[in-house]
Amino acid sequence: MTDLYPAPDASPIDPAVEAALQASREARTESLLEFARIPSISALPEHAADMVTAAEWVAGRLRRVGATDVEVAPTALHPIVYGRIHEAPGAPTVLVYCHYDVQPVDPIDLWETSPFDPFVRDGRFIGRGVADDKGQLVMHLAALEALRTAGKAPAVNLTFVFEGEEEYGSDSLYAWIEDNRERLAADVAVISDTGYFEGNLPAITVALRGIMYAQIDVVLSPVDLHSGMYGGTVDNPANALARIIAALKGADGRVRIPGFYDDVVPLTDAEREAMAALPFDEEAYRAEIPVPALVGEAGWTTLERRTSRPTLDVNGMWSGFQGEGAKTIIPAHAHAKISTRLVANQDPKRIFEGLKAFVAEVSPPGVVVTTRYIHGGEPSLTPTEHPATQAAARAIEAVYGAPPVYIREGGSIPVTSAFDHTLGLPVVLLGFTQPSCNAHAPNEWLLVENFEQGTRVIVRLWDELGALERA
Ligand SMILES: [Zn+2]
């Protein structure tokens, strides 16, 4: 891989900051390697001390770039690193989020080297966390270091939240955000924990799906009944559950719960056109899974179904006898885990109420059916034309020489809905990893070129946002 980062005379950023970046390239590389050597696996209790080490490392770097109020804030589990650089009176305030925890490393034998002995080879960082999300966190720190070396302050006010439980459910984050609302007051949030759509094509993620997860329990009797003695006289919970589930979604892929689609923000024609223009190979997508055929809601493309339409799925179901051979019973009970993936502006609680009412309506009288809420997360959407999204697009275009594509993701990033719904902030999802970067898998990698570009996009973004009028 050739060195593609811009030469100083073609700088899309302040020349003094570019010069600082040129001069500190080795130190910046070493900084990421040093950070990635800390095995901050949030899911494993034996790494609790490493989590603190990683949090302190981040806090130390924040202090080094002149952040104030730097704190390694304790939570019920892993600490949250907080800090701020508010040196631009009257300019917008940006809440910056990345996470310092990483996924476990198994299967360890598929790693070429030790996951926490990261290195650079053929223009790539390789090691656990170099892409998700330590590399992106270090891009933010590196951008600040270069600004400081050039004797400058960011053109916006920055408030940093670096989380340690992203890979473990973010449980502590919500309460912490609630408790720290004033300290988190901002005009916009920038989350760097996403990536490109395909290959080396920069992207801004404008929407994420939410989720509503529930369980349906169908009960007939305290114990299994003899199917010879009782068969034909009582309902069967497994049959009843099958009928209930069949009622939830049609063969056309449409969810039958009344009102399910009421709050869906429709895709505009322009958005559908832009999505159709994305380089997406449907057959490759199918073959990679692999499944016999792709199916989904009628009237929508595969990419639209995957990212921009809500859906409902059975995640698991169980009932009765499951051993070898035969056992002639009518099961006492049957159960199903059901989840819906939601899009803006569907509300998980409201969707649950709809599900519950509909299940009650279609439940037969011979069994007792209950529907309970397990968990939920709100979808999020920041329109492409939002000034903050457009500022990010200009920053990307300046650095890459090409505009980003706008994408939607089918999954969720819990912090996004917390910033969006709890703090009421528009969210810009600005990430610099490639889809094939092996996040969560062995031999995770990040292109050094993307690390360099990302750092410059961030430098430029603060200028672009600083030039905006405060909302
Ligand atoms: Zn991540």
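Structural data are supplied above this passage.
Now for a quick tour of the structure. Remember, it's a predicted structure, so these values are computed and weren't measured experimentally. (Residues numbered from 1 in each chain as written. Predicted model: local features only at pLDDT ≥ 70, side-chain atom pairs only at ≥ 80, totals over all residues. Heavy atoms only, no water.)

## Quick notes on helix α7 (residues 237-248)
An α-helix turns once per 3.6 residues; consequently, residues spaced three or four apart project the same way. Compared with an ideal rise of 1.5 Å per residue, which puts 12 residues at 16 Å, α7 spans 17 Å between its outermost C-alpha atoms and is within 8% of the ideal. Every buried residue of α7 is listed here: Pro-237, Ala-240, Leu-241, Ile-244, Ile-245 and Leu-248. With its buried residues spanning 135° around the axis, α7 presents them on a single face. Tucked inside the fold, the buried residues of α7 contact β9 (210-219), β11 (311-319), β12 (329-330), β13 (333-342), α11 (348-362) and β14 (368-377). Sitting at the amino-terminal end of α7 is Asn-236, which places a side-chain oxygen 2.8 Å from the backbone nitrogen of Ala-238. (Helix = DSSP H or I, 4+ residues; strand = E, 2+ residues; numbered from the N terminus. Expected span 1.5 Å × (residues − 1). Buried < 20%, exposed > 50% of the residue type's maximum accessible area, 1.4 Å probe, protein only. Arc of directions from axis to C-beta. Contact = heavy atoms within 4.5 Å. Polar contact = N/O pair within 3.5 Å; in protein donor to acceptor, adjacent residues only side chain to side chain.)

## Regarding a nonpolar patch on the surface
Taken together, the side chains of Met-229, Tyr-230 and Val-234 present a nonpolar region at the surface, about 280 Å² in accessible area. With respect to the helices and strands, the residue Val-234 is situated in the loop between α6 (227-230) and α7. Assessed through its relative accessible area of 32%, Val-234 is described here as partly exposed. (Patch = residues over 30% accessible without salt bridge, like charges linked within 9 Å, V, L, I, M, F, W, Y side chains within 5 Å. Areas by Shrake-Rupley, 256 points an atom, 1.4 Å probe, with all protein chains shown as cover. Salt bridge = Lys/Arg side-chain N within 4 Å of Asp/Glu carboxyl O.)

## Observations regarding the coordination of the zinc ion
Bound to the zinc ion are the protein donor atoms His-99 (NE2), Asp-132 (OD), Asp-193 (OD) and Asp-193 (OD), situated 1.8 to 2.6 Å from the metal. One can describe the donor arrangement at the zinc ion as irregular, given that its four donor atoms subtend angles of 53 to 151° at the metal. Considered as a linear motif, the donors of the zinc ion on their single chain read H-x32-D-x60-D. Of this pair, Asp-132 sits in the loop between β5 (124-126) and α4 (134-149) while Asp-193 sits in the loop between β7 (188-191) and β8 (203-208), and the two are 61 residues apart along the sequence. What makes Asp-193 buried here is its relative accessible area of 13%. (Donors = N, O, S within 2.8 Å, 3.2 Å for Na, K, Ca; no water. Tetrahedral: all angles 85-135°; square planar, octahedral: opposite > 155°, others 65-115°.)

## Describing the packing of α4 against helix α14 (residues 448-466)
At a minimum axis separation of 8 Å, α4 and α14 run at an interaxial angle of 55°. Taken as axis vectors, α4 and α14 run oblique relative to one another. Regarding α4 and α14, the two cross each other, and that crossing is right-handed. Facing Gly-135, Val-138, Met-139, His-140, Ala-142, Ala-143 and Leu-147 of α4, the residues of α14 in contact are Asn-450, Phe-451, Gly-454, Thr-455, Ile-458, Val-459 and Trp-462. Broken down by class, the residue content of the contact of α4 with α14 amounts to nine nonpolar, five polar and no charged. (Axes fitted to C-alpha atoms, helices over the stretch in contact; angles between N-to-C directions. Parallel < 35°, antiparallel > 145°, perpendicular 65-115°, else oblique. Left-handed = near helix turned anticlockwise from the far one by under 90°. Nonpolar A, V, L, I, M, F, W, Y, C, P; charged D, E, K, R; others polar.)

## A few points about the sheet that holds β5
With respect to topology, three strands assemble into an open sheet ordered β4-β5-β18, the strand pairing being antiparallel. In this open sheet, the two edge strands, each paired with only one partner strand, are β4 (119-121) and β18 (445-447). Strand-to-strand twist in this sheet, taken as the mean axis angle between neighbours without regard to direction, amounts to 30°. Two strands pair when backbone bridges link them, and β4 and β5 are joined in this way by three bridges, in the antiparallel orientation. Note that in β5 the partner of Phe-119 across the bridge is Ile-126. (Pairing = 2+ DSSP bridges.)

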